[in-house]
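Coordinate inspection notes
Listed below are the residues making up each chain.
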Amino acid sequence: MIGRPASTLIDGPAGHIEVVVEEPAAKPLGLAVVAHPNPQMGGTMDNKVVHTICRAFVLAGWRAVRFNFRGVGRSEGEWDEGRGETMDLLAVVGHHLSDPDMVGHPLALAGFSFGGAMAAQACARLMEVAALRPGVVAPSELVLISPAVSRFDVPVVPQHTLIVEGEQDDVVPLTHILDWARPQGLPVTVVPGTGHFFHGQLPRLREIVLRHLRGVAE
């Protein structure tokens, strides 16, 4: 893809939501929606880790959608401490799953830090609704990069969830991730010698996510 993809606006629960859609080289295998870190700390959909996650999905053949939570960039509304932000994510999912090209295709949710917490919450809601209402698409993949388990409510997640954490993360410490994952029996992929933002390790992070997605496809 040449150049920076243009953002568009879709309807959301607090007004317009700004989104960017990135397409793979061939017909997409599925839809991936990627959530950004805490907007109270400067997080936006242009975060480098978010870009890295999206790139991995695109290389694996998925349509990747990143977006700005309410009150960020061109998205309307105000910070809602995670409650409304989960609804924003669900609105983005609903909008893009309505595309005829996505009918019958799998859905993946992903997020970094605060976005990881929101992706996990949205996944839990979609799975609950899908169990009661045939036709509702539940996520088949969940990718959480340094999810903010010590700062926000992060529910139980599916066993096949990919969780990646930096060994030297001082924002969401590795011990907090392990304390959250341990009761669920969840494996955690630890990237040695890197912190919360994976400085210098973004190519490695991309390869971890890409390898996971290609393994799923096989």
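Please refer to the structure higher up on the page.
In what follows, the accompanying structure is described. Just so it is clear, the model here is predicted, and its values are computed rather than measured. (Residues numbered from 1 in each chain as written. Predicted model: local features only at pLDDT ≥ 70, side-chain atom pairs only at ≥ 80, totals over all residues. Heavy atoms only, no water.)

Here the focus is helix H1 (residues 48-59). Since the α-helix turns once every 3.6 residues, residues separated by three or four places project in the same direction. The end-to-end C-alpha distance of H1 is 16 Å, a good match for the 16 Å that 12 residues give at a rise of 1.5 Å each. Among the residues of H1, those classed as buried are Val49, Val50, Thr52, Ile53, Cys54, Ala56, Phe57 and Val58. One side-chain oxygen at the N-terminal end of H1 lies 2.8 Å from the backbone nitrogen of Val49; it belongs to Asn47. Gly61, located one to two residues past H1, shows a positive phi value of around 100°. (Helix = DSSP H or I, 4+ residues; strand = E, 2+ residues; numbered from the N terminus. Expected span 1.5 Å × (residues − 1). Buried < 20%, exposed > 50% of the residue type's maximum accessible area, 1.4 Å probe, protein only. Polar contact = N/O pair within 3.5 Å; in protein donor to acceptor, adjacent residues only side chain to side chain.)

Let's shift gears to the sheet that holds strand E1 (residues 8-12). Reading across from one edge, E1-E2-E4-E3-E5-E6-E7-E8 is the order of the eight strands in this open sheet, with mixed pairing throughout. Bordering the open sheet on either side are E1 and strand E8 (189-191), each of which pairs with just one other strand. This sheet shows a mean twist of 25° between the axes of neighbouring strands, independent of strand direction. Both strand E5 (residues 107-112) and strand E6 (residues 141-145) contribute to a ladder of five bridges, which runs parallel. Each residue of the ladder has a partner; that of Phe112, found in E6, is Ile145. Docked against the sheet, helix H2 (residues 83-97) engages E1, strand E2 (15-22), strand E3 (31-35), strand E4 (63-67) and E5, running at close to 160° with respect to E3. Running at roughly 155° to strand E7 (residues 162-166), helix H4 (residues 174-181) makes contact with E6, E7 and E8 of the sheet. (Pairing = 2+ DSSP bridges. Axes fitted to C-alpha atoms, helices over the stretch in contact; angles between N-to-C directions. Contact = heavy atoms within 4.5 Å.)

So, on to the side chain of Thr86. Inspection of the secondary structure assignment puts Thr86 in helix H2. Among residues more than four places away in sequence, those in contact with Thr86 are Met118, Gln121, Ala122 and Arg125.

Backbone geometry at Glu81 places phi at a positive 60°, although glycine is not the residue there. Tracing the backbone shows Glu81 in the loop between E4 and H2. In this structure, Phe198 takes a positive phi of about 55° despite not being glycine. Relative to the helices and strands, Phe198 is located in the loop between E8 and helix H5 (202-217). Judged by its relative accessible area of 0%, Phe198 is buried.

So, about the packing of aromatic side chains. Within this structure, the stated rule accounts for six aromatic pairs. Ring centres of Phe69 and Phe114 lie 5.4 Å apart, and the angle between their planes is 75°; this geometry places the pair in the edge-to-face category. A residue pair is termed long-range when its members are at least 10 positions apart, and Phe69 in the loop between E4 and H2 and Phe114 in helix H3 (residues 114-132) qualify at 45 residues. A single burial state applies to Phe69 and to Phe114, both of which are buried. Between Phe114 and Phe152, the aromatic rings sit 4.9 Å apart at their centres with planes inclined by 70°, giving edge-to-face as the arrangement. With Phe114 in helix H3 and Phe152 in the loop between E6 and E7, this pair connects stretches of sequence that are 38 residues apart. The pair Phe114 / Phe152 is uniform in exposure class, with both members buried. Through successive ring pairs, a cluster of aromatic residues spans Phe67, Phe69, Trp79, Phe114 and Phe152. (Phe/Tyr/Trp six-rings, centres within 6.5 Å; stacked < 30°, edge-to-face > 60°.)

Bringing the nonpolar core into the picture now. Of all hydrophobic cores here, the largest spans 39 residues; its most connected members are Val33, Phe67, Leu89, Val92, Val93, Leu109 and Trp180. Secondary-structure elements contributing two or more residues to this core are E2, E3, E4, H2, E5, H3, E6 and H4. When residues of this core are assigned to their parent elements, the largest contribution, eight residues, is made by H3. When sequence neighbours within four positions are dropped, the list of residues in contact with Val33 reads Val65, Phe67, Leu89, Val92, Val93, Ala108, Leu109 and Ala110. Counting 27 residues, the second-largest nonpolar core is a separate cluster that includes Ala60, Ala110, Phe112 and Leu210. (Core = buried A, V, L, I, M, F, W, Y, C linked by side-chain atoms within 4.5 Å.)

One simple way to see leftover space: roll a probe sized like a water molecule over the atoms. Volume-wise, the largest pocket comes out at about 240 Å³. As for the largest pocket, its lining consists of 16 residues, of which Asn38, Met41, Ser113, His196 and Phe197 are closest to the centre. Classifying every residue of the lining of the largest pocket by side-chain character gives eight nonpolar, seven polar and one charged. (1 Å grid on protein atoms, 1.4 Å probe; cavity = no way out; pocket = protein on both sides within 12 Å on 5 of 7 lines; lining within 4 Å. Points joined across faces, edges and corners; volume = space filled by probe spheres on them. Nonpolar A, V, L, I, M, F, W, Y, C, P; charged D, E, K, R; others polar.)

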